[in-house]
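Next come the chains, spelled out residue by residue.
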Amino acid sequence: MEFVGYFLGIAFLAMLASCLMFKILSGATQDQIRYQMLAKIGGARQKLLKQSINREILVLFTLPAILGGVVDVLFGLQLFKVVMTDPYYQIGWIILIFVLIYLVYYLLTVWLYRLLVLPSKKK
């Protein structure tokens, strides 16, 4: 029962993060125009643009992680009290693994988004 739970949890986590990543990256071509315009007028330094991208994507990743990942699991485990003696056993480790996997998806998304959106330094 635990194996199936872990397997399905990781599968749904990968699906959630992958869909979110591809949704963000699919809109990158439209955002590319905005960032090129900012670079042309010289209103924003490269460091500020990178920080802006980090914050923007962090917000888009954090809300689904909290609502779909943590809160849903904590309430959903109530249903398994009938079948399992302690469904919350070592829930801290499970949440830590969830955060680490989600962090990898976040960092990969930020890296790819920067490659697509920020203007290259070549002149």
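Here goes a summary of the coordinates provided. These figures come from a predicted structure and were not determined experimentally. (Residues numbered from 1 in each chain as written. Predicted model: local features only at pLDDT ≥ 70, side-chain atom pairs only at ≥ 80, totals over all residues. Heavy atoms only, no water.)

1. A short note on the overall build of the protein chain
Along the protein chain, the regular secondary structure elements total 4 helices and 0 strands. In terms of C-alpha radius of gyration, the protein chain reaches 19 Å, well past the compact-globule figure of 14 Å for 123 residues. Taken along its principal axes, the extent of the C-alpha atoms in the protein chain is 65 × 20 × 20 Å. In the protein chain, buried positions account for 24% of the 123 residues. Sequence separation of at least 24 residues holds for 82% of the intrachain contacts in the protein chain that already meet a minimum separation of 6. Accessible surface for the protein chain amounts to roughly 9,000 Å². Of this, 72% is attributable to carbon and sulfur atoms. Across the protein chain, 12 positive and 5 negative side-chain charges occur, with their mean positions spaced 24 Å apart. (Helix = DSSP H or I, 4+ residues; strand = E, 2+ residues; numbered from the N terminus. Rg over C-alpha atoms; globule rule 2.2 N^0.38 Å. Buried < 20%, exposed > 50% of the residue type's maximum accessible area, 1.4 Å probe, protein only. Contact = heavy atoms within 4.5 Å. Areas by Shrake-Rupley, 256 points an atom, 1.4 Å probe, with all protein chains shown as cover. Lys, Arg positive; Asp, Glu negative; His and termini not counted. Charge placed at Lys NZ, Arg CZ, Asp CG, Glu CD.)

2. Observations regarding the pattern of salt bridges
Per the stated rule, a full pass over the model turns up 1 salt bridge. Between Asp31 and Arg34 there is a salt bridge, with the nearest N and O atoms lying 3.3 Å from each other. You can see Asp31 and its partner Arg34 sitting in helix H2 (residues 28-41), 3 residues apart, about one turn around the helix. Judged by relative accessible area, which is 45%, Arg34 ranks as partly exposed. (Salt bridge = Lys/Arg side-chain N within 4 Å of Asp/Glu carboxyl O.)

3. Some thoughts on the nonpolar core
Membership of the largest hydrophobic core comes to 21 residues, with the highest contact counts inside it found for Ile24, Tyr35, Ile53, Ile57, Phe61, Tyr102 and Tyr113. Contributions of two or more residues to this core are made by helix H1 (2-26), H2, helix H3 (46-76) and helix H4 (91-117). With 7 residues, the top contributor of residues to this core is H4. In this structure Tyr113 touches Ile24, Leu25, Ala28, Asp31, Tyr35, Ile53, Glu56, Ile57 and Leu118, once residues within four positions along its chain are discounted. (Core = buried A, V, L, I, M, F, W, Y, C linked by side-chain atoms within 4.5 Å.)

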